[in-house]
Amino acid sequence: LRERFTDGPLAGRRVLITAGPTREPVDPVRFVGNRSSGRMGYAVAAAAAAAGARVCLVSGPVALPSPPGVERVAVETALEMHAAVMERVAQAEVFISTAAVADYRVAEPALEKIKKRADILELRLVRNPDILAEVAARPDAPFTVGFAAETGDLERHARAKLEAKGLDMIAANDVSAGRGFDAEENALEVLWPGGGTSLGRQPKTALARALVALVARRMEAAGR
Ligand code: CTP
Ligand code: CA
């Protein structure tokens, strides 16, 4: 155990990671959610732990075991994920936001199961907080890494998010035609202010190790 904390490119670093989808309740039995297997985030958590980091994984509901040596905090909604992250972010030196956070939640979830009556049922949705942007905007922000699932001009959309949210790094993947979601393999376009690189198509576990190595290198380059 001691070796785990003293070796590797992220030795002893505290890394906070979000993963999986969030579920926004409609009523006691239904929810609005996002597609996300959690695989990429869990692979990043495992890779960070293997690189010597002390990892806390704030995870929405997924069907995956906790990676060895990783502390997992289970959450369901975006507001719960937000609270779990804000409680822990001051201690983190790195924040990696892989979660597919629902952008909206149901304004007034029904307290009883909604019975089917009307032909058209309207749901009112309200914006959820942007957890990643809020972390990046803190005066004591950790080294902050976002993910972006995009269709169309991947690099342009991802660079816009990097700048708009003030991130240190963003990892973008192409989700056109459902690619990237439940797949074992993925490819990432990784961008940072003034630079970037491509991590070619490979298993998510290998991709996660490459990303973690890149985070460690960029942190070193930035003197952090
Ligand atoms: N994210 C977050 N909290 C939210 C929404 C997104 O932390 N409420 C994070 C995701 O974990 C990801 C990054 O922001 O790391 C980008 O998410 P994405 O959905 O691609 O971008 P959005 O800013 O939500 O913009 P849009 O969905 O309109 O493209
Ligand atoms: Ca979004």
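The structure this text deals with has already been given above.
As a starting point, this report considers the structure included with it.

## Overview of the pattern of salt bridges
(1) Moving on: As enumerated under the stated definition, the model contains nine salt bridges in all.
(2) Moving on: When the shortest N-O distance is used, the salt bridge between Arg224 and Asp168 registers 3.6 Å. Pair noted here: Arg224 is in the segment after helix H6 (204-221) and Asp168 is in the loop between helix H5 (154-165) and strand E10 (169-174), with a separation of 56 residues, a long-range link.
(3) Moving on: Accessibility expressed as a relative area gives 37% for Arg224, which makes it partly exposed.
(4) Moving on: Relative accessible area serves as the criterion here: at 23%, Asp168 is assigned to the partly exposed category.

## Brief notes about the pairing of strand E2 (residues 23-27)
(1) Moving on: As paired strands, E2 and strand E3 (residues 30-33) are joined by four bridges and run antiparallel to one another. Counted as the bridge partner of Pro25 is Phe31 from E3.
(2) Moving on: Counting the residues between successive antiparallel strands, the hairpin from E2 to E3 contains two residues.

## Focus: the sheet that holds strand E9 (residues 143-150)
(1) Moving on: With mixed pairing, eight strands are arranged side by side in an open sheet as E5-E4-E1-E6-E9-E10-E11-E12. Edge positions in the sheet fall to strand E5 (71-74) and strand E12 (195-203), since each of these pairs with one other strand and no more. Mean inter-strand twist for the sheet, computed between neighbouring axes without regard to direction, equals 15°.
(2) Moving on: Bridging between strand E11 (residues 185-192) and E12 involves seven bridges; their strand directions are antiparallel.

## Side note on the side chain of Thr18
(1) Moving on: Along the polypeptide, Thr18 turns up in strand E1 (residues 14-19).
(2) Moving on: The contacts of Thr18, once residues within four sequence positions are left out, are Val58, Met81, Val85, Phe95, Ile96, Ser97, Thr98 and Ala99.

## What to know about a nonpolar patch on the surface
(1) Moving on: A cluster of nonpolar side chains, namely Tyr104, Leu123 and Leu125, defines an oily patch on the protein surface of about 270 Å² accessible area.
(2) Moving on: With respect to the helices and strands, Tyr104 occurs in strand E7 (residues 104-106).

## Overview of the packing of helix H2 (residues 39-50) against H6
Helix-helix packing is described using two parameters, namely the angle between the two axes and the distance between the axes.
(1) Moving on: Contact geometry of H2 with H6 gives a least axis separation of 8 Å together with a crossing angle of 55°. In terms of orientation, H2 and H6 fall into the oblique class. H6 is crossed by H2, and the crossing has right-handed handedness. Between H2, through Arg39, Met40, Ala43, Val44, Ala47 and Ala48, and H6, the contact on the second element is made entirely by Lys204, Thr205, Leu207, Ala208, Arg209, Leu211 and Val212.
(2) Moving on: Taken together, the residues of the contact of H2 with H6 sort by class into nine nonpolar, one polar and three charged.

## Regarding the site of ligand 1
(1) Moving on: What surrounds ligand 1 is a group of 13 residues, the closest being Ser97, Ala99, Pro129, Lys161 and Lys165.
(2) Moving on: Here Ser97 contributes a backbone N or O atom positioned 2.6 Å from an oxygen atom of ligand 1.
(3) Moving on: The fraction of the free accessible surface of ligand 1 (570 Å²) that becomes covered by protein chains is 75%.
(4) Moving on: Its atoms largely coinciding with the cavity grid, ligand 1 occupies the largest pocket.
(5) Moving on: Of all the secondary structure elements, the ones that give two or more residues to the shell around ligand 1 are helix H4 (131-136), E9 and H5.

## Digging into the environment of Gly146
(1) Moving on: With respect to the helices, strands and loops of the structure, Gly146 is situated in strand E9.
(2) Moving on: According to the relative accessible area criterion, Gly146 is buried, its value standing at 0%.
(3) Moving on: Remark: the alpha-carbon pair of Gly146 and Ala133, spanning 13 residues in sequence, is separated by 9.0 Å.

## With respect to the layout of surface pockets
(1) Moving on: Considering only enclosed or pocket space, the largest pocket measures out at about 860 Å³ in volume.
(2) Moving on: Contributing to the lining of the largest pocket are 36 residues, with Thr98, Ala99, Ala100, Val101 and Phe147 lying nearest its centre.
(3) Moving on: Among the elements of the structure, H2, H4, E9, H5 and E10 are those that each provide at least two residues to the lining of the largest pocket.

What counts as what
Within each chain, residue numbers correspond to sequence positions counted from 1 in written order. Starting at A for chains and at 1 for ligands, labels are handed out in the order in which the entities are written. Restriction of local features to residues with pLDDT of at least 70 applies here, the model being predicted, together with a cutoff of 80 or more for giving and counting side-chain atom pairs; totals for whole chains, interfaces and linings are based on all residues. Excluded from the side-chain calculation are hydrogens and water; included are all heavy atoms of the structure. Any carboxyl oxygen of Asp or Glu that lies within 4 Å of a side-chain nitrogen of Lys or Arg is treated as forming a salt bridge with it. Only DSSP runs of H or I reaching four residues or more are called helices, and only runs of E reaching two or more are called strands; each is numbered from the N terminus. Type-normalised accessible area, obtained with a 1.4 Å probe on protein chains alone, sets the label of each residue: buried when under 20%, exposed when over 50%, and partly exposed for intermediate values. When DSSP finds at least two bridges between two strands, those strands are taken to pair. Geometry is summarised by axes, namely lines fitted to C-alpha atoms with helices restricted to the contacting stretch, and by angles between N-to-C directions that run from 0 to 180 degrees. Between two residues, a contact is recorded if the distance between any of their heavy atoms is within 4.5 Å. Exposure above 30% relative accessible area and the lack of any salt bridge qualify a residue for a patch; like charges then connect within 9 Å, and the nonpolar side chains Val, Leu, Ile, Met, Phe, Trp and Tyr within 5 Å. For the accessible areas, the method is Shrake-Rupley and the probe is 1.4 Å, while residue cover comes only from the protein chains on display. Oblique is the label for every angle not falling under 35 degrees (roughly parallel), over 145 degrees (roughly antiparallel), or within 65 to 115 degrees (roughly perpendicular). Note on convention: near helix rotated counterclockwise from far helix by under a right angle means a left-handed crossing. Clockwise means right-handed. Three categories are distinguished: nonpolar for Ala, Val, Leu, Ile, Met, Phe, Trp, Tyr, Cys and Pro, charged for Asp, Glu, Lys and Arg, and polar for the others, with Gly belonging to the last. The nearness test applies per residue and asks whether one of its heavy atoms lies within 4 Å of the molecule or strand. Throughout this description, a polar contact denotes any pair of N or O atoms lying within 3.5 Å of each other; where both atoms belong to protein, one of them has to be capable of donating a hydrogen while the other can accept it, and for residues adjacent in sequence the pair is counted only when both atoms sit in side chains. Cavity means a closed set of points on a 1 Å grid over the protein atoms alone, one where a 1.4 Å probe fits but cannot get out, pocket means an open set with protein on both sides within 12 Å along at least 5 of 7 lines, and lining means a residue has an atom within 4 Å of a point. What decides whether a molecule sits in a cavity or pocket is whether more than half of its atoms lie within 2 Å of the grid points. Grid points are joined across faces, edges and corners, and a volume is the space filled by probe spheres set on the points.

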